[in-house]
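Architecture and fold: a report
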Amino acid sequence: MDIKLVLRKSNENTINDNTIINLDTTKIGYGYFTIIAGPCSVEDKNIIEETAHLLNELNINIMRGGVFKPRTSPYSFQGLGKKGLEYLKLAANKYNLKIITEALDEDSLNIVNECADIIQIGSRNAQNFGLLKKVGKLNKPVLLKRGFMMTIEEFLYSAEYIAYEGNNNIILCERGIRTFETKTRNTLDISAIPVLKKETHLPIIVDPSHAAGRSDIIPDLIKASLAVGSHGIMVEIHPHPEKALSDGKQSLNFKEFEKIIKEVKGLAKYFGVDIK
Ligand code: PEP
Ligand code: MN
């Protein structure tokens, strides 16, 4: 395996320190369990502002929201693009939140780079090596999702592409892989977390929403993510999941979200991590 930069042990002599992503108001990495939440897509000004308000009340510092959406069907809602980014930024600024949003291609990367605090590279782009090289040249944290057909080794190679270009601010995200199971959208590969922690110094978070594809089991998957040692979660929430323009079935409503966050805060002490 000729992966060097993202491995814990680059060679016999070099042991790399754990990477902590510093976002001035918050951190992601060893010692922390960072919560990122927000709607699948930014849909309008009010919904994203309501979300930002809730996150602020719960002391959560990072909001997600897609504006360039990778949809299986070209007929599905494709995201609000630049307008959505404006809404996302307005809401985040009002409550002093950091934002993460996805870059779908090189054009959207340039747009997203202007205002996102973390750039998300989605599962479908996890082996888009041209795009990985481009984010590798930026000086901004990147959240790299695992491709749903990727082995852990291939996942590390993709992270290596980013690091190779000079950007070491990489967060890995396990979001479920495709298996024969049909009760869930994907299968959350929970064992990938401890395996990755042995192999790489990069932080690793879990996206239980795209793994499950159904909201009812997400609180359990969040607790499992904490127990297995991940450095955080990114979860989809929506004030009215039944009306969401994308991924409503897997979105927690605000009440469900508040409940699980309370539980996680209680459990964090037991697992010796600071909630961020
Ligand atoms: C998302 O988080 O908005 C998303 C599209 O997820 P994934 O790339 O994991 O499917
Ligand atoms: Mn989604």
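Coordinates for the structure precede this section.
Residues numbered from 1 in each chain as written. Chains lettered and ligands numbered in written order. Predicted model: local features only at pLDDT ≥ 70, side-chain atom pairs only at ≥ 80, totals over all residues. Heavy atoms only, no water.

Moving on: the side chain of Ser251. Looking at the element boundaries, Ser251 is found in the loop between β10 (232–236) and α9 (254–271). Taking relative accessible area as the criterion, Ser251 reaches 3% and is therefore assigned buried. What Ser251 contacts, discounting residues up to four positions off in sequence, is Ser215, Glu236, Ile237, His238, Pro241 and Glu256. (Helix = DSSP H or I, 4+ residues; strand = E, 2+ residues; numbered from the N terminus. Buried < 20%, exposed > 50% of the residue type's maximum accessible area, 1.4 Å probe, protein only. Contact = heavy atoms within 4.5 Å.)

Across the five residues that make up strand β5 (residues 98–102), a large majority, five, are buried. Note: strand β4 (residues 62–64) against β5, three bridges, orientation parallel. Bridging from a neighbouring strand, Arg64 pairs with Ile100 of β5. Pairing between β5 and strand β6 (residues 118–121): three bridges, direction parallel. (Pairing = 2+ DSSP bridges.)

In the vicinity of ligand 1, the contacting residues are Arg64, Lys69, Pro70, Glu102, Gln120, Gly122, Ser123, Arg124, Lys145, Arg175 and His210. Note that an oxygen atom of ligand 1 is positioned 2.8 Å from one of the side-chain N or O atoms of Arg124. For ligand 1, an oxygen atom lies 2.6 Å from a polar atom in the side chain of Arg175. When isolated, ligand 1 has an accessible area of 300 Å², and the protein chains bury 97% of it. Residue composition of the shell around ligand 1, by class: one nonpolar, four polar and six charged. (Near = heavy atom within 4 Å. Polar contact = N/O pair within 3.5 Å; in protein donor to acceptor, adjacent residues only side chain to side chain. Areas by Shrake-Rupley, 256 points an atom, 1.4 Å probe, with all protein chains shown as cover. Nonpolar A, V, L, I, M, F, W, Y, C, P; charged D, E, K, R; others polar.)

Relative to the helices and strands, His210 is located in helix α7 (residues 208–212). When its relative accessible area of 9% is taken as the criterion, His210 is described as buried. The residues touching His210, leaving out its near neighbours within four places in the chain, are Arg64, Lys145, Arg175, Arg185, Asn186, Glu236, Asp247 and Gln250.

Okay, the coordination of the manganese ion (ligand 2) next. Here the manganese ion (ligand 2) is held by the protein donor atoms Cys40 (SG), His210 (NE2), Glu236 (OE) and Asp247 (OD), which lie 2.0 to 2.4 Å from it. We note that the donor set of the manganese ion (ligand 2) lies within a single chain, spaced as C-x169-H-x25-E-x10-D. Of this pair, Cys40 sits in the loop between β3 (32–38) and α1 (45–57) while His210 is found in helix α7, placing the two residues 170 residues apart along the sequence. With relative accessibility at 4%, the residue Cys40 sits in the buried group. (Donors = N, O, S within 2.8 Å, 3.2 Å for Na, K, Ca; no water.)

Further remarks concern the packing of helix α4 (residues 129–136) against helix α5 (residues 152–164). Taken N-terminus to C-terminus, the directions of α4 and α5 make an angle of 40°; their axes are 7 Å apart at the nearest point. As far as their axial angle goes, α5 and α4 are oblique. The handedness of the crossing between α4 and α5 is right-handed. Taken together, the residues of α5 that come into contact with α4 (itself represented by Phe129, Leu132, Lys133, Val135 and Gly136) are Ser158, Tyr161 and Ile162. Here the contact of α4 with α5 is composed, by residue class, of five nonpolar, two polar and one charged. (Axes fitted to C-alpha atoms, helices over the stretch in contact; angles between N-to-C directions. Parallel < 35°, antiparallel > 145°, perpendicular 65-115°, else oblique. Left-handed = near helix turned anticlockwise from the far one by under 90°.)

Let us look at helix α2 (residues 82–94). Because each turn of an α-helix spans 3.6 residues, side chains separated by three or four positions end up pointing in the same direction. The end-to-end C-alpha separation of α2 is 19 Å, in line with the 18 Å expected for 13 residues at 1.5 Å each. Among the residues making up α2, those that are buried are Gly84, Leu85, Tyr87, Leu88, Ala91 and Ala92. An end-on view of α2 places all buried positions within 160° of arc, on one side of the element. Every exposed residue of α2 that faces more than 90 degrees away from the buried side is listed here: Lys82, Asn93 and Lys94. In this fold, the buried residues of α2 make contact with α1, β4, β5 and α3 (106–115). Within two residues after α2, Asn96 carries a phi angle of roughly 55°, on the positive side. (Expected span 1.5 Å × (residues − 1). Arc of directions from axis to C-beta.)

Along β3, seven of the seven residues are buried, which leaves the element largely enclosed by surrounding structure. Judged by which residues are buried, β3 turns out to be covered on both faces: Tyr32, Thr34, Ile36 and Gly38 on one side and Phe33, Ile35 and Ala37 on the other are all buried. One ladder, built from two bridges, connects β3 with strand β11 (residues 274–275); its direction is parallel. By the bridge assignment for β11, Tyr32 is matched with Asp274. Judged from the five bridges that link them, β3 and β10 form a sheet pairing that is parallel. If you follow Ala37 over to β10, its bridge partner there is Val235. With two bridges connecting them, β3 and β4 associate as parallel partners. Following the sheet pairing, Ala37 is matched in β4 by Met63.

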